[in-house]
Amino acid sequence: MQTVIIIGGGASGMMAALTASENKNNRVLLIERQQRVGRKLLATGNGRCNLTNTGAAIENYHGENRDFAAPALASFPPQAALDFFHGLGLVTVEEHSGRVYPLSDSANSVVDVLRFSLEARGVELKAACPVREVKREKAGFLVLTDAERLYADKLIVACGGAAGEKLGGVMDGYTLLGMLGHRRTALCPSLVQLLTAPEYPRALKGVRSDCRLRLFAGTSLLAGSAGELQFTETGVSGPAVFDLSRAAATGGKGLTLAADFLKDYDAPSVLALLRQRREALPELPAADMLTGIVHNRLGRMLVKYAALDANAPLRALDDDALTRLARACKDFRLDVRGTEGFDKAQVTAGGVKTSGFNPETLESWFVPGLFACGEVLDIDGDCGGYNLQWAWASGRMAGRLGT
Ligand SMILES: Cc1cc2nc3c(=O)[nH]c(=O)nc-3n(C[C@H](O)[C@H](O)[C@H](O)COP(=O)(O)OP(=O)(O)OC[C@H]3O[C@@H](n4cnc5c(N)ncnc54)[C@H](O)[C@@H]3O)c2cc1C
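Since the structure is predicted, the reported quantities are computational estimates derived from the model, not experimental observations.

## A few points about the pattern of salt bridges
- For the coordinates displayed, the defined rule picks out 25 salt bridges.
- A salt bridge links Lys304 to Glu199; the shortest N-O distance between them is 3.6 Å. Linking Lys304 in helix α10 (residues 296-305) with Glu199 in helix α7 (residues 199-203), this pair joins segments that are 105 residues apart in sequence.
- Overall, Lys304 belongs to the exposed group, its relative accessible area being 53%.
- The closest approach of N and O atoms between Asp320 and Arg324, which form a salt bridge, is 3.6 Å. Of this pair, Asp320 and Arg324 both sit in helix α11 (residues 319-330), 4 residues apart, roughly one helical turn.

As structure tokens, this is what we get:
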């Protein structure tokens, strides 16, 4: 019998514990800093938990060496994760773009089936028990909490990253792995709101639009995305923005965001649409030029952005004015001033260097018996269930303990 200690009762830690418990020779101990396991999981997907994405591919992941993630993702792909959860009694539903949620629409369901299964499999749980220190012994590891000194033959660090501070995002995983000689990359918040020049976003707070986004550093294109954007008090948010946030956080200063609010129409078609409207409704004030095409508040703001006289009747607008308005719809620019911090981020870009671990087992190259999984490693995914898929896949692999 060997003792396996898993530090961190989040997504990857619970998966690692369940996997390790499949081997009857393992005594499995799961240690969680917070009062309950899966606290962050409860907040995922706006409380609905987007637990995987059926289209997950290595291109959806990032890190100094994203290929590191390939063996784990290949050995436990989304369908295997779904089979696993269905086996635990969870019923799921696939929505747009391959995003999978529990049918109950509640992240509680995901945490509950994991909890039930941990108990049924005899995993020993210590909650409200932060691990303060880990030491290497001649054989195995010493794990120190406030109250105890615990011995482990094998150790899995699954402490997550720094993102989502209020939900338990901490630096502990980096520190604990650092005690055993592992180094980390720089860290930055990802899947997070962008802070921009506030004038337009503030006026449009709460307005959503399905658009195409491009992020520029000067004239060079850094990243692109498509999907929902939402204006906020301080900038822009929403899935399409999140997908650019990693590039924004690492892209330096002087970035510009370009939004195309009519992505399914090319510039000549937009101009034709505006001309048609001028002809059909010559007495309509310019302020209403885009009514029926985009959200009313967004339409009025674009008229202002294009420097048109909002009170002028459409008949008074020449082709030059219509071209400016068409350009505003297709290439609306905002200066980017940064991103929100780790407290508002969904994931940490960067983490413990993957070069220190064997991608086929997630065992440390230089500390035998030590494994790491989940967000603590320098792998992060796009928005849409990819990060939890990495947590499940890497937790599954680490829990196999190299076998
Ligand atoms: C608001 C929000 C929404 C999200 N929505 C989604 C989504 O819908 N889909 C998706 O794929 N991803 C989503 N994510 C990202 C996803 O939740 C994480 O990538 C994932 O939970 C990482 O799993 P993990 O096991 O590595 O870390 P976590 O789930 O964070 O678990 C780490 C655990 O370790 C514990 N811990 C830390 N230090 C110690 C210590 N010293 N001792 C003991 N325990 C410790 C923590 O308390 C925590 O419970 C979201 C994140 C946030 C913040």
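## Structural notes on the site of the ligand
- Close to the ligand lie 33 residues, the nearest being Ser12, Glu32, Asp172, Glu375 and Leu388.
- At 3.3 Å from an oxygen atom of the ligand is found a side-chain nitrogen or oxygen belonging to Lys40.
- Gly385 is positioned such that a nitrogen or oxygen atom in its backbone is 3.4 Å from an oxygen atom of the ligand.
- Against a free-state accessible area of 990 Å², the protein chains account for coverage of 95% of the ligand.
- Contributing elements (two or more residues each) for the shell around the ligand: α1 (11-21), α2 (39-47) and α12 (386-399).
- Classifying every residue of the shell around the ligand by side-chain character gives 15 nonpolar, 13 polar and 5 charged.

## A few points about the pairing of strand β17 (residues 255-260)
- Across the 6 residues of β17, 6 count as buried, placing the element largely inside the fold.
- When strand β14 (residues 208-217) meets β17, the two strands line up antiparallel, connected through 6 bridges. Within β17, the residue paired with Arg212 across the bridge is Asp260.
- Sheet analysis places β17 next to strand β18 (residues 332-339), joined by 5 bridges and oriented antiparallel. What sits directly across from Thr256, in β18, is Asp335.

## Quick look at the nonpolar core
- Of all hydrophobic cores here, the largest spans 78 residues; its most connected members are Phe85, Leu155 and Trp392.
- Counting residues per element, this core draws most heavily on α12, at 8 residues.
- Leaving out residues up to four positions away in the same chain, Phe85 has contacts with Met15, Leu51, Leu90, Val110, Val113, Leu114 and Trp392.

## Topic: the packing of aromatic side chains
- This model, assessed by the stated rule, comprises 9 aromatic pairs.
- Here Tyr61 and Tyr386 contribute two aromatic rings whose centre-to-centre distance is 6.3 Å and whose plane-to-plane angle is 90°, an arrangement assigned as edge-to-face. With Tyr61 in strand β4 (residues 61-62) and Tyr386 in helix α12, the pair connects residues that are 325 residues apart, well separated along the chain.
- Judged by relative accessible area, Tyr386 falls into the buried class, the value being 10%.
- Where Phe261 meets Phe332, the ring centres are 5.6 Å apart and the plane angle is 45°; that geometry is what we call tilted. Of this pair, Phe261 sits in the loop between β17 and α9 (267-280) while Phe332 sits in strand β18; the two residues are 71 residues apart in sequence, bridging distant segments of the chain.

## What to know about α12
- For α12, with 14 residues, the first-to-last C-alpha span of 20 Å sits near the 20 Å given by 1.5 Å per residue.
- Within α12, 14 of the 14 residues are buried, which leaves it mostly tucked inside the rest of the structure.

## Some thoughts on unusual backbone geometry
- Despite not being glycine, Asn46 has its phi angle at roughly 55°, a positive value.
- With respect to the secondary-structure elements, Asn46 resides in helix α2.
- The backbone of Ser97 sits at a positive phi, close to 55°, despite the residue not being glycine.
- Among the structural elements, Ser97 can be located in the loop between β5 (92-94) and β6 (99-102).

## Here's the deal with the side chain of Arg99
- Residue placement: Arg99 occurs in strand β6.
- Among buried Asp, Glu, Lys and Arg side chains, Arg99 stands out as unpaired, with Asp243 the closest opposite charge at 5.9 Å.
- Excluding residues that lie within four positions of it along the chain, Arg99 makes contacts with Asn50, Thr52, Asn53, Val93, Glu94, Pro239, Cys383 and Gly384.

## Points about the pairing of strand β1 (residues 2-7)
- Most of β1 is tucked away: 5 of the 6 residues are buried.
- Handedness of the crossover joining β1 and strand β2 (residues 26-31) through α1 is recorded here as right-handed.
- One ladder, built from 4 bridges, connects β1 with strand β11 (residues 154-157); its direction is parallel. Along β11, the bridge assignment pairs Val4 with Lys154.

Parameters at a glance
Starting from 1, residues in each chain are numbered consecutively following that chain's sequence as written. Selection of residues for local features in this predicted model requires a pLDDT of at least 70, selection of side-chain atom pairs for listing and counting requires 80 or more, and totals for whole chains, interfaces and linings are taken over all residues. For the side-chain quantities, the full set of heavy atoms in the structure was used; hydrogens and water were omitted. Salt bridge criterion: a side-chain nitrogen from Lys or Arg within 4 Å of a carboxyl oxygen from Asp or Glu. Only DSSP runs of H or I covering at least 4 residues are called helices, and only runs of E covering at least 2 are called strands; the numbering of each starts at the N terminus. To sort residues, take the accessible area from a 1.4 Å probe on protein chains only and compare it with the maximum for the residue type: under 20% means buried, over 50% means exposed, and anything in between is partly exposed. Nearness here has a simple test: a residue counts as near a molecule or strand if at least one of its heavy atoms is within 4 Å of that partner. N or O atoms closer than or at 3.5 Å make up a polar contact, with two conditions inside protein: a donor-capable atom paired with an acceptor-capable one, and, for residues adjacent in sequence, both atoms drawn from side chains. Accessible areas in this description were obtained via Shrake-Rupley with a 1.4 Å probe; residue shielding takes into account the shown protein chains only. For this scheme, ten residues count as nonpolar: Ala, Val, Leu, Ile, Met, Phe, Trp, Tyr, Cys and Pro. Four count as charged, namely Asp, Glu, Lys and Arg, and the remainder, Gly too, count as polar. Strand pairing is assigned whenever DSSP identifies at least 2 bridges connecting the two strands. For the purposes of this section, nonpolar cores are sets of buried Ala, Val, Leu, Ile, Met, Phe, Trp, Tyr and Cys residues that join through side-chain atoms within 4.5 Å. Residues count as neighbours in contact if any of their non-hydrogen atoms are within 4.5 Å of one another. Any Phe, Tyr or Trp ring, taking Trp's six-membered ring, that has another such ring centre within 6.5 Å forms a pair; planes under 30 degrees apart are called stacked, those over 60 apart edge-to-face, and the others tilted. Every helix has an expected span of 1.5 Å times one less than the residues it contains. By the counting scheme adopted, Arg and Lys are positive, Glu and Asp are negative, and His together with the chain ends is not counted. Place the viewer so that the strands point away; then a crossover is right-handed whenever the path from the first strand over the helix to the second strand goes clockwise.

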